[in-house]
Amino acid sequence: MENKKGFSGILGIVIIAIVGCILFSPWFYLKYMVVLSKDKIIYETNLQRMANGLPILNENKKLNEIAEAKVYDMFRNQYFEHISPDGVAPEQLALSYGYDYSFHGENLILGNFFTEKKIVQNWMNSPDHRKNILNENFTEIGVSFIKENYKGKIVWIGVQEFGSPR
């Protein structure tokens, strides 16, 4: 009887150890636990603008819809470019959603990320993305971040849409 108890105890410890390794592994954390928020992306973006003496960007529902459409299109068609395989440029996409703008820009990012602050910092480290974030002509922003399968890997694709309405 004691051998059964001893075996059950060891088996229990092994099961707990395996479950712990899975739950606390970086792979599991990246795939299932990280949740990125568009609100935090907008917040971190606006912190960068304020630190550079610029007014904050106001969230725009239509720009959010455009950003989400762009993300889903990139996953559906398995590309990561500003211009879609169908030849649709960001400005054309914005107009197709009825966003009549004076100025428009777009930032893209792909990968596995732990924080919104790091994502915005990655954009700030890139000269072209930084120009969009710190563009004084932009007054509005829309954001979408979605995690899906891209070329056989589960990753985040994020889009920032910037604009100034006419």
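All of the points below concern the structure found in this document. (Residues numbered from 1 in each chain as written. Predicted model: local features only at pLDDT ≥ 70, side-chain atom pairs only at ≥ 80, totals over all residues. Heavy atoms only, no water.)

## Describing the packing of helix α3 (residues 38–51) against helix α6 (residues 116–124)
Applicable threshold: To get an axis, a line is fitted to the C-alpha atoms, and for a helix only the part in contact is used. The angle between two axes follows their N-to-C directions and goes from 0 to 180 degrees. Only DSSP runs of H or I reaching four residues or more are called helices, and only runs of E reaching two or more are called strands; each is numbered from the N terminus. An angle counts as roughly parallel when it lies under 35 degrees, as roughly antiparallel when it exceeds 145, as roughly perpendicular when it falls between 65 and 115, and as oblique in every other case. By convention, the crossing between two helices is left-handed when the near helix turns anticlockwise from the far helix through less than a right angle, and right-handed when the turn is clockwise. When checking whether two residues touch, look at their non-hydrogen atoms; a contact exists if any pair is within 4.5 Å. Amino acids outside the nonpolar list (Ala, Val, Leu, Ile, Met, Phe, Trp, Tyr, Cys, Pro) and the charged list (Asp, Glu, Lys, Arg) are all regarded as polar, and Gly is one of them.
Between α3 and α6, the shortest axis-to-axis distance is 9 Å and the interhelical angle comes to 45°. Comparing their axes, α6 and α3 come out oblique. Between α3 and α6 lies a crossing of right-handed hand. Contact with α3, carried on its side by Lys40, Ile41, Glu44, Thr45 and Gln48, involves Glu116, Lys117, Ile119, Val120, Gln121, Trp123 and Met124 of α6 and no other residues of that element. Of the residues that constitute the contact of α3 with α6, the class distribution is five nonpolar, three polar and four charged.

## Let's talk about the sheet that holds strand β2 (residues 101–111)
Counted only if it meets this: Being paired, for any two strands, means DSSP has found at least two bridges between them.
Strand order across the open sheet formed by four strands is β1-β3-β4-β2, with mixed pairing between neighbours. Here the strands that pair on one side only, and so sit at the sheet edges, are β1 (58–59) and β2. Note: strand β3 (residues 140–150) against strand β4 (residues 153–165), 11 bridges, orientation antiparallel. Each residue of the ladder has a partner; that of Ser144, found in β4, is Val159. Contacts from α3 reach β1, β3 and β4, with the element oriented near 130° to β3. Across the sheet, α6 is in contact with β2, β3 and β4; its angle to β2 comes to roughly 115°.

## A few points about the packing of aromatic side chains
To keep things clear, this is the line we draw: The rule is short: rings of Phe, Tyr and Trp, with Trp giving its six-membered ring, pair when the centres are within 6.5 Å, and they are stacked under 30 degrees, edge-to-face over 60, tilted in between.
The tally for this structure, following the rule as stated, stands at four aromatic pairs. Through a chain of ring-to-ring contacts, three or more aromatic side chains come together here, namely Trp123, Phe145 and Trp156.

## Some points on the side chain of Glu161
By the secondary structure assignment, Glu161 is in strand β4. If we skip the residues at most four places from it in the chain, Glu161 touches Leu63, Ile66, Ala67, Lys70, His104, Gly105, Glu106, Glu140, Ile141 and Gly142.

## Some thoughts on the nonpolar core
Our working definition: What we call a nonpolar core is a set of buried Ala, Val, Leu, Ile, Met, Phe, Trp, Tyr and Cys residues that are connected through their side-chain atoms within 4.5 Å. Remark: exposure states derive from per-residue accessible area (1.4 Å probe, protein chains only) relative to the maximum for the residue type, with buried under 20%, exposed over 50%, and partly exposed in between.
Counting residues in hydrophobic clusters, the biggest one holds 19 residues, and the most contacted among them are Ile41, Ile119, Trp123, Ile133 and Phe145. Mapped onto this core, the elements with two or more residues apiece are α3, α6, β3 and β4. At four residues, α6 tops the list of elements feeding residues into this core. In this structure Ile119 touches Leu36, Ile41, Ile109, Phe113 and Phe145, once residues within four positions along its chain are discounted. Counting 11 residues, the second largest nonpolar core, distinct from the first, contains Ala67, Tyr79, Ile157 and Val159.

## Details of the pattern of salt bridges
Once their charged atoms are close, side chains differing in charge can pair, the charge on each being opposite to the other. So the rule is basically this: A side-chain nitrogen of Lys or Arg and a carboxyl oxygen of Asp or Glu constitute a salt bridge if their distance falls within 4 Å.
Counted according to the given criterion, the structure contains four salt bridges. Its salt-bridge partner being Glu59, residue Lys38 comes within 2.4 Å of it at the nearest N-O pair. Here the residue Lys38 occupies a position in helix α3, and Glu59 occupies one in strand β1, the gap between them amounting to 21 residues. Asp100 is the salt-bridge partner of Arg166, the closest N and O atoms lying 2.9 Å from each other. Here Asp100 lies in the loop between α5 (90–96) and β2 and Arg166 lies in the segment after β4, a separation of 66 residues in the sequence.

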